[in-house]
Amino acid sequence: MIHNASQTRGSLFATSAMVKMGMLAAIGMVLMLVDFPLPLFPSFLQIDLSDVPAVIGAFSLGPAAGVVIELLKNLLKLIVGSNTGGVGELANFLVGAGYVLPLALIYQRWPSRSGVLWGSVTATVAAAVFAGVLNYFIFVPAYAAVMGVPVDAFVQAAAKVNEAVVDLRTMVVFAIVPFNLIKGVIIAVASLVVYRILRPLWERF
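Participant: Outline the pattern of salt bridges, listing residues and values.
Facilitator: Counted under the stated rule, the structure contains four salt bridges. Note that Asp51 is salt-bridged to Lys73, the shortest N-O span being 3.2 Å. With Asp51 in the loop between strand 2 (46–47) and helix 3 (52–61) and Lys73 in helix 4 (residues 63–80), the pair connects residues that are 22 residues apart, well separated along the chain. Each member of the pair Asp51 and Lys73 is classed as buried. A salt bridge links Glu89 to Lys77; its shortest N-O distance comes to 3.3 Å. Linking Glu89 in helix 5 (residues 87–109) with Lys77 in helix 4, this pair joins segments that are 12 residues apart in sequence. Here Glu89 matches Lys77 in class, with each residue buried. It is possible to trace a salt-bridge network through shared partners that takes in Asp51, Glu70, Lys73 and Lys183.

Participant: I'd love a proper account of helix 6 (residues 113–147), names of residues and values included.
Facilitator: Here helix 6 contains 35 residues, and its C-alpha end-to-end distance of 44 Å is more than 12% below the 51 Å for a straight helix at 1.5 Å per residue. The largest bend in helix 6 is about 65 degrees, located at Asn135. Directly beyond the C-terminal end of helix 6, a positive phi value near 70 degrees is found at Gly148.

Participant: Give me the lowdown on the packing of helix 3 against helix 5, citing residues and values where you can.
Facilitator: For the pair helix 3 and helix 5, interaxial distance at closest approach is 9 Å and the crossing angle is 25 degrees. One element, helix 3, and the other, helix 5, form an angle in the roughly parallel class. The chirality of how helix 3 crosses helix 5 is right-handed. In contact with Ala54, Val55, Ala58 and Phe59 of helix 3, helix 5 contributes Tyr99, Val100, Leu103, Ala104 and Tyr107. A per-class count over the contact of helix 3 with helix 5 returns nine nonpolar, no polar and no charged.

Participant: Please provide a residue-by-residue account of the nonpolar core, values included.
Facilitator: Core analysis: the largest hydrophobic core is formed by 32 residues, its most contacted members being Met21, Val55, Phe59, Ile69, Tyr99, Val100 and Leu103. Broken down by secondary-structure element, the contributors of at least two residues to this core are helix 2 (15–32), helix 3, helix 4, helix 5, helix 6 and helix 8 (168–204). Tallying contributions element by element places helix 5 first for this core, with eight residues. Discounting chain neighbours no more than four positions away, the residues touching Tyr99 are Val55, Ala123, Thr124, Ala127, Gly184, Ile187 and Ala188. Ranked by size, the runner-up nonpolar core spans 16 residues in total, among them Ala144, Val155, Val172 and Phe179.

How each quantity is defined
- Residues numbered from 1 in each chain as written.
- Predicted model: local features only at pLDDT ≥ 70, side-chain atom pairs only at ≥ 80, totals over all residues.
- Heavy atoms only, no water.
- Salt bridge = Lys/Arg side-chain N within 4 Å of Asp/Glu carboxyl O.
- Helix = DSSP H or I, 4+ residues; strand = E, 2+ residues; numbered from the N terminus.
- Buried < 20%, exposed > 50% of the residue type's maximum accessible area, 1.4 Å probe, protein only.
- Expected span 1.5 Å × (residues − 1).
- Bend = angle between axes of the 7 residues up to and from the residue.
- Axes fitted to C-alpha atoms, helices over the stretch in contact; angles between N-to-C directions.
- Parallel < 35°, antiparallel > 145°, perpendicular 65-115°, else oblique.
- Left-handed = near helix turned anticlockwise from the far one by under 90°.
- Contact = heavy atoms within 4.5 Å.
- Nonpolar A, V, L, I, M, F, W, Y, C, P; charged D, E, K, R; others polar.
- Core = buried A, V, L, I, M, F, W, Y, C linked by side-chain atoms within 4.5 Å.

The following block contains the structure:
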């Protein structure tokens, strides 16, 4: 069972909590640099495990801590260097927070295996839909503007691996949303495995 965060939520700005959040944010930033594509998805959709530290922080310190870790992680990435003019970091923060927050809130209300399960399912679906909407209206056009290419360049790249993609709308439906569904499952499993392994050390820190 994951440790109940009720006893740490009220001390978010305690020294130990701030140290933990800073450490997790730094780890998350490093993990952002280690990304890789998934088969059957266009190469511009890269997956990384940088949300795992935020999930761990949210479980142990509460929902607000998870969002703070997501924010700090992306601010650190901006300082290190961004090749997307900040668009990628903003997208990562918003979608990451959209994943971590519902998961942590549900677990906070039901601190049990069922809470973790349903929280993970809800978070995965919510983040995938959120990512789809944001990419359709904001991020794909913003990426295109920063890179100096038409939006259709992304559509054509996605169409090469999925013939169902014919425009931006179908790219969101058949590429971006499914990609984020798979990513959500991977993040949930990785977070649980890592937290269970590190929990004895983490609770003494």
